[in-house]
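# Structural characterization, general
Here is what each chain is made of, one letter per residue.
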Amino acid sequence: MYARLNLLLLGLLLAGCAGHTEIEPELPAGLPGVQQLESLAEANVPRRASLIFSSERAGESIIQDTGNTFIYPVTNEVILQPDNQTSSWAIFELGEDGSLLRSFSLNYSIQGELQLYMGLADFSSGRWQFQPAPPDGQVISVTDSLYSPSGRSYLCLFAPAGDGNVSIYKIDVELDNGWQSRDVGVALPGYTVQSPLGAVSADGHPAVAYFDNAGLHYLRSTSPAGMEAGDWPEPLLLVPGATGQWIDMQLIGGNPAIAYHDENSGQLSYLRSTTASGAAATDWTATVKIDDAPGGHVPECSLAQVDGNPALAYLSADNNLSYRRSTTADGAAEADWQNKLVLHADGGVSALNPSLKLIRGKPAVSFYDKQNGRQLYMASSTASGSKASAWPQQPAVVAAGQGIEHSWADLCSLDGHPSLYFMHLDSNVDNNPFLPFRQSRQGDGNADADWNFSSSSFLSPSPGSGLLSSIGLGDHMLIGYSRDTISALRVYKLREISDLPSFSFNGEEVETGGSAVLTFELFAIEGMPAVFYLRDDDQLVYARDFTFLATQY
C-alpha cells in the first residue's frame, strides 16, 4: 500500500505545483473525510473582530494528527516524524468561527530525504486536494470551494514514509472577519472632543447623534444594513445652535432618546423621539433641562431606561455623582424628573465618565473618582433607585490608581455579573499600559471584596488621551478603544467561559483607514457589533460585523 502511495506522490512531485492534483483513490492512512472535519473542529474558538487581518497558526490549531506528530509545548512548533514504514500528518484549522481565510503561507524546513505534501479540504467536491507543498513563504490564495458550511478552512500537511523529519514553525494566515464600512456623507471638520457621538439601533436601523457647527443632529439609515451610499439621507437638525462635548443616545421605551451637554446654554439636556425611528424632525420632543453644567468640566452623563423610565447618572454642577429619574416613560417635561440624588460627594471632581447600566434588573453605575484616583461602583437595592436609601453610603472600590488623571470605563452585565474594562490615562507617564478587567462574581458589587476577579489583557498604547466603549452580547464582551498615540480605532471581542478562571480573548484592529481618536461609539444591531467613528479625513463612517452571532457560540 505504501509503495503504491509513494509512486502516486512521486508523480505529484514531478508534476510540480501546477494546479491542485488529487491523490486518487488512496489518501494518507486514517485521514478523515472532508465532511467529518466540522465535527473535529473546536466549536468555541474565540473570534477576532476586524476587516482583513493577519494571524498565524501552529500546534494549537491541529484538530487531528498521527501518533508520530509532535508539538513543542512552548513554541507550538509541529514536527512530522515518519519512519520507513509509517507516514506522518496533521490537520490544521486555518479559519475561525465567522472568519474567512483569504490566503496563507507555510514556514517549514525538511531534514533528511523526505517530501512534504499539502492537502486542502475541498467542500464543493467533498474530497481532499493534495499537491507538493509550496516553497517556504509562498502565498497561497483560497477559493470559495475551500470554505466549510461554517466558513472554516482545513489544511493537511503530510510527510510519507521515509527517513527524516519536517519542522513546521508556523502557518501565516490572512483572514476576513466580515466587518464592512460605509461613509455616511457627513463631515465634521476639526471635531475631536471627547464623546461627540451617540449610536443606537433605531427600529432596526443604525442611527447616530452628533454635533457640528449648526447644532445637534440625528442621522438614521433608511435600510437595516446601511451599506449603500443611498441609505444615508440628509441629517435632521434637532437643536439648532447647540454645541457641546458629551452625547449619550439610548432607546427609551423603544424610541431613541438623547442626553447631551449644551455649552451655549450651560445645561445638561434631554430629548426623545415619539416614534421608534425618529426619522422626522416632528418626531422629537422639545429639549428638557436636567441640570446646570459644572464649571470647568464636561457634564459627563450616562442615559439608561430604569424600571421603564429614563434615568441619568451624571457629573452635576457640584462636581459630584448625581442621579435623576423621570416619573413618566418619556420624560418629556421638566416636571417629570424627580429631584436630584447626590450618590457620591467627595469634595472634588468625583464622577468622571459615569456608566449607568441595569445589573440584575436594578440600576448600577461605575465612575471615576479623580480626587482619589479610583474606579468606583454603586448598585441600587431597588428597581428604580429613586430614593437615597436605595444606594449604599459608600461606593465599592473596583480599582485604585497611582496618581492617574482619568479613567475610562464602560459597565456591562455578563451573565448578571457587573463587568468592566477600563483605560487609565496619564499624559506624562505610562503607569498602566494594559486595559484591566474587573468583575464582581459575588454579592451585589457594593463591597470592595465583591470585585474579586481581575485580569489584564491587551496592550493600551500610552501616553495620551483615550476613549473606551464596550457592549455585552450574550457571553461576549466587545471592547472598542482608541488613544491619540495610535492611528486607528481598535475593537476586541472577548468571550467569557464560565468554567475557566479567566477570560478567553482575542482581538485585532478594525481597519478604519485613519484615526478615530476620541470620536467613536460602539453599539449593537441585530445582535451584532457595529460602530460609528470619525476618520482622520473628517468623514463620519459606519461599520458593522455582519458575521457575528452571539447565540452561535
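Residues numbered from 1 in each chain as written. Predicted model: local features only at pLDDT ≥ 70, side-chain atom pairs only at ≥ 80, totals over all residues. Heavy atoms only, no water.

Next up on the list: the overall build of the protein. Assigned secondary structure in the protein consists of two helices and 39 strands. Contacts in the protein between residues at least 24 apart in sequence constitute 58% of all its contacts with a sequence separation of at least 6. (Helix = DSSP H or I, 4+ residues; strand = E, 2+ residues; numbered from the N terminus. Contact = heavy atoms within 4.5 Å.)

A separate point is the pattern of salt bridges. Going through the model one piece at a time under the given rule, you end up with 11 salt bridges. Of the charged contacts, one joins Asp-292 and Lys-289 as a salt bridge, the two residues approaching to 2.8 Å between their closest N and O atoms. A relative accessible area of 27% places Lys-289 in the partly exposed class. Notably, a salt bridge pairs Arg-544 with Glu-526, separated by 2.4 Å at the nearest N-O pair. Taken together, the residues Arg-544 in strand E39 (residues 539–545) and Glu-526 in the loop between strand E37 (520–525) and strand E38 (528–534) connect sequence positions 18 residues apart. Using a relative accessible area of 2% as the deciding quantity, one classes Arg-544 as buried. The structure contains a network of salt bridges with shared partners spanning Glu-38, Glu-93 and Arg-152. (Salt bridge = Lys/Arg side-chain N within 4 Å of Asp/Glu carboxyl O. Buried < 20%, exposed > 50% of the residue type's maximum accessible area, 1.4 Å probe, protein only.)

The tally for this structure, following the rule as stated, stands at 14 aromatic pairs. Note on Phe-130 and Phe-158: the rings are 6.3 Å apart at their centroids and 75° apart in plane angle, and the pair reads as edge-to-face. With a gap of 28 residues between them, Phe-130 in strand E8 (residues 127–132) and Phe-158 in strand E10 (residues 154–159) connect regions that are remote in the sequence. Each of the two residues, Phe-130 as well as Phe-158, counts as buried. Taken together, a centroid distance of 6.4 Å and an interplanar angle of 35° make the contact between Phe-523 and Tyr-542 tilted. Of this pair, Phe-523 sits in strand E37 while Tyr-542 sits in strand E39; the two residues are 19 residues apart in sequence, bridging distant segments of the chain. Members of the aromatic cluster, connected to one another through ring pairs, are Trp-232, Phe-523, Phe-532 and Tyr-542. (Phe/Tyr/Trp six-rings, centres within 6.5 Å; stacked < 30°, edge-to-face > 60°.)

Before going further, it helps to examine the sheet that holds E39. Spatially, the four strands line up as an open sheet ordered E12-E39-E38-E37, and their pairing is antiparallel. Here the strands that pair on one side only, and so sit at the sheet edges, are strand E12 (179–187) and E37. Averaged over neighbouring strand pairs, the angle between their axes works out to 20° when direction is ignored. (Pairing = 2+ DSSP bridges. Axes fitted to C-alpha atoms, helices over the stretch in contact; angles between N-to-C directions.)

Summary statistics for the protein give a mean pLDDT of 81 and a share of 78% for residues scoring 70 or more. Counted against residues more than four places away or in other chains, residues 1–25, with its pLDDT under 50, gives 42 contacts. Throughout residues 44–51 the model reports pLDDT below 50, and contacts reaching past four residues in sequence, or to other chains, amount to 45 contacts. (pLDDT = per-residue confidence, 0-100.)

This paragraph deals with the pairing of strand E14 (residues 205–212). With seven of its eight residues buried, E14 lies for the most part within the structure. In terms of strand pairing, strand E13 (residues 197–202) meets E14 through six bridges, oriented antiparallel. Residue Ser-201 lies in a different strand from E14, and its bridge partner there is Pro-206. Between the end of E13 and the start of E14, which pair antiparallel, lie two residues, with Asp-203 showing a positive phi angle near 55°. As paired elements, E14 and strand E15 (residues 215–220) share six bridges and run antiparallel to each other.

All right, on to the nonpolar core then. Ranked by internal contacts, the top residues of the largest apolar core, which has 39 residues, are Leu-312, Leu-468 and Val-531. Beyond its immediate sequence surroundings of up to four residues, Val-531 is in contact with Trp-179, Leu-489, Phe-520, Glu-521, Leu-522, Phe-523, Val-541, Tyr-542 and Ala-543. In this structure, Leu-94, Ala-133, Ile-140 and Leu-175 belong to the second largest nonpolar core, which totals 27 residues. (Core = buried A, V, L, I, M, F, W, Y, C linked by side-chain atoms within 4.5 Å.)

So, about the sheet that holds strand E21 (residues 301–306). Across the sheet, four strands lie side by side as E21-E22-E23-E24; this open sheet has antiparallel pairing. In the strand order of this sheet, the two ends are held by E21 and strand E24 (341–344), each with one partner. Direction aside, the axes of adjacent strands within the sheet are offset by 25° on average. The pairing of E21 with strand E22 (residues 309–315) spans six bridges and is antiparallel. Residue Cys-301 lies in a different strand from E22, and its bridge partner there is Tyr-314.

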